[in-house]
Amino acid sequence: MKSCTSLHQRQQQSLVITPQLIESIRMLQLAHTELNQFVEQEIEKNPFLDLASNDSGASGEVSPTVADNQNISAREDHADGPARTDMPELSSPWKSIRDTGNLSPGERPSLDEFAASTETLHEHVAHQIALTAFTPQERLIAGALADHLDDTGYLQVNLLELAERLNSPEARVKLVLESLQLFDPPGIFARSLTECLEIQLRQRDRFDPAMAALVANLELLARRDFRALKRRCRVDEDDLLDMLNEIRALDPKPGNQFQSAGSESIIPDVFVLPSPGGGWQVELNREVLPKVLINQTYFAQVTRLTAQSSKDQSFLNECFQNASWLVRSLDQRATTILKVATEIVRHQDVFLEDGIAHLRPLNLKTIADAIDMHESTVSRVTSNKYILTPRGVYELKYFFTVAIPSSQGGDAHSAEAVRHQIRAIIAAETLDNVLSDDGIVARLKETGVDIARRTVAKYREAMNIPSSAQRRREKRFVLAAAEG
């Protein structure tokens, strides 16, 4: 067999993903806070980029970005639908405070700037330690114990290891811990849920033997095994019901009433408003869209000064191209979000009119085909994006639910709407009519929902709803206590 070497020329097409294309794809799935951080980083690196100010119409600065378009909206009109006059008027109460250092004359600062800072749990504990009559060694131990508090108020440390690390007897560490467990809020510095409840009951002078038995058998309480609880606590139904009411009044996570960080509000990316002519009007929230300007005047001036240096000119051209790419990418991102949101509203208009029971099944492919985009693009656009509707604020992904077939051959039902039906059916139960999962399946089939029993069980458990036996046991106990 004879081998030889030869050269052949051929053409082929291949998809090459450039770094800028990768960045454009990544920008689609960024939340508005992450996007603003990304834009600020680009502005720091690029001398031709600026954020728009109140006088963004200055000569030499252009920005074709959709953020500056005051008429950006998409209206969903339904000719056969009546105009809604009972909808509340929605406005945009969110105010951007990104740059509060340079307020123009007559401009009022945001009231959020003057809001009092919230005291954290560790600050609250440190203040109480400072007011407690500890010895220097005990104060050191108290500070070390406070350092191991988690945000819920529980102590996450081994006392023996801490005592060895502080070179102090374990008995002294326990003594300091007993003093700290008297601090506010009640139940703080507990090492378990049982100890947390015990601390609070002791401070209320309600930790008697019967209550101690109840706290020691919380697993029976979780299973709603009231018959076993009565035997363990040696009380009748009336006393047990009173004890359960006292347990419900306690705080299992006492540290949650303190915020370790400032509360984060969900700011929607899209607004859905009732249209005056009927239907729905979809608008982008311009407050969260970064307004980026390209300073062409500065680019022309610098270009004239560096005309003799090819290296400097190449750098300036690259910066200008990157600036143009960023503006185009922001424009494309805003347009894509608006397209996806508008198509979602078109499919879920009945939900906006009549509520969650009328939520329609929807998948990414349906939206992607309607706006002529890939499913992965729709998935990225709906991640970490929120929409404000007359029925509340929802993540865009909320509207994508699995379809459950109809038993009557009609339209399929949304999984979220079916879960809503299951909650409503269980909420309407009486002691004589507690439905099993099979009974719920039969009740759903009467409304046209074809669903398996294991699916009902899965939805019920996901909503933390107990089984029919546990629900019946609880209803019987509450009814007997009410009659007694």
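*Asks:* Would you mind showing me how to read unusual backbone geometry here?
*Replies:* Glycine aside, negative phi is the norm for most residues, and most peptide bonds take the trans geometry. In the segment running from Asp184 into Pro185, the intervening peptide bond is cis, with an omega of 0°. With respect to the helices and strands, Pro185 occurs in the loop between helix H6 (170–180) and helix H7 (193–203). With phi around 65°, Phe189 is a residue other than glycine that occupies positive phi space. With respect to the helices and strands, Phe189 occurs in the loop between H6 and H7. Overall, the relative accessible area of 0% leaves Phe189 in the buried class. A positive phi angle, near 60°, is found at Arg234, a position not held by glycine. Secondary-structure assignment places Arg234 in the loop between helix H10 (226–233) and helix H11 (237–248). Given the relative accessible area of 76%, Arg234 is considered exposed.

*Asks:* Help me out: how do you make sense of the side chain of Gln181 in this one?
*Replies:* For Gln181, the position within the fold is in the loop between H6 and H7. At 3.0 Å, the side chain of Gln181 and the side chain of Glu195 are in polar contact. Once residues within four sequence positions are removed from consideration, Gln181 is found in contact with Ile188, Phe189, Ala190, Arg191, Glu195, Ile199 and Gln203.

*Asks:* What am I meant to see in the nonpolar core here?
*Replies:* What tends to happen in soluble globular proteins is that the nonpolar side chains get buried as a cluster. Among the nonpolar cores identified, the biggest contains 29 residues, and Ile367 and Ile387 are the most heavily contacted of them. Elements represented by at least two residues in this core include exactly strand S4 (270–274), strand S5 (280–284), helix H13 (310–347), helix H14 (349–354), helix H15 (364–371) and helix H16 (375–382). In terms of residue count, H13 provides more of this core than any other element does, 7 residues in total. When residues no more than four places from it in sequence are discounted, the contact partners of Ile367 are Val340, Glu343, Ile344, His347, Leu362, Val378 and Phe400. Ranked by size, the runner-up nonpolar core spans 22 residues in total, among them Leu149, Ala163, Leu177 and Ile188.

*Asks:* What am I meant to see in the packing of aromatic side chains here?
*Replies:* Any two aromatic rings considered together are summarised by their centre-to-centre distance and by the angle between their planes. Under the criterion given, the structure shown has 9 aromatic pairs. Here the aromatic rings of Tyr398 and Phe399 are separated by 5.6 Å at their centres, their planes lie at 85°, and the arrangement is edge-to-face. When its relative accessible area of 23% is taken as the criterion, Tyr398 is described as partly exposed. Each member of the aromatic cluster is reached from another via a ring pair, and the members are Phe48, Tyr298, Phe299 and Phe320. Between the NZ or CZ atom of Arg419 and the centre of the ring of Tyr459, over which it lies, the distance is 4.9 Å.

Thresholds applied
- All residue numbers here refer to positions counted from 1 along the written sequence of the relevant chain.
- At least 70 in pLDDT is required for a residue's local features to be given in this predicted model, at least 80 for side-chain atom pairs to be given and counted, and no such filter applies to totals for whole chains, interfaces and linings, which use all residues.
- Here the side-chain values reflect all heavy atoms present in the structure, with hydrogen atoms and water set aside.
- Helix and strand assignments follow DSSP, with helices taken as H or I runs no shorter than four residues and strands as E runs no shorter than two, numbered in order from the N terminus.
- Burial classification: accessible surface area is computed with a 1.4 Å probe over protein chains only, and a residue below 20% of its type maximum counts as buried, one above 50% as exposed, and the rest as partly exposed.
- Definition of a polar contact: a pair of N or O atoms within 3.5 Å, with one able to donate and the other able to accept a hydrogen when the atoms are protein atoms, and with sequence-neighbouring residues admitted only if both atoms are side-chain atoms.
- Two residues qualify as a contact provided that any one of their heavy atoms is within 4.5 Å of a heavy atom in the partner residue.
- Residues grouped as a nonpolar core are buried Ala, Val, Leu, Ile, Met, Phe, Trp, Tyr and Cys residues, joined through side-chain atoms within 4.5 Å.
- Pairing of aromatic side chains requires ring centres within 6.5 Å, counting the rings of Phe and Tyr and the six-membered ring of Trp. Pairs whose planes differ by under 30 degrees are stacked, by over 60 edge-to-face, and all others tilted.
- Either the NZ atom of lysine or the CZ atom of arginine qualifies as a charge over a ring when it sits within 6 Å of the ring centre and within 35 degrees of the ring normal.

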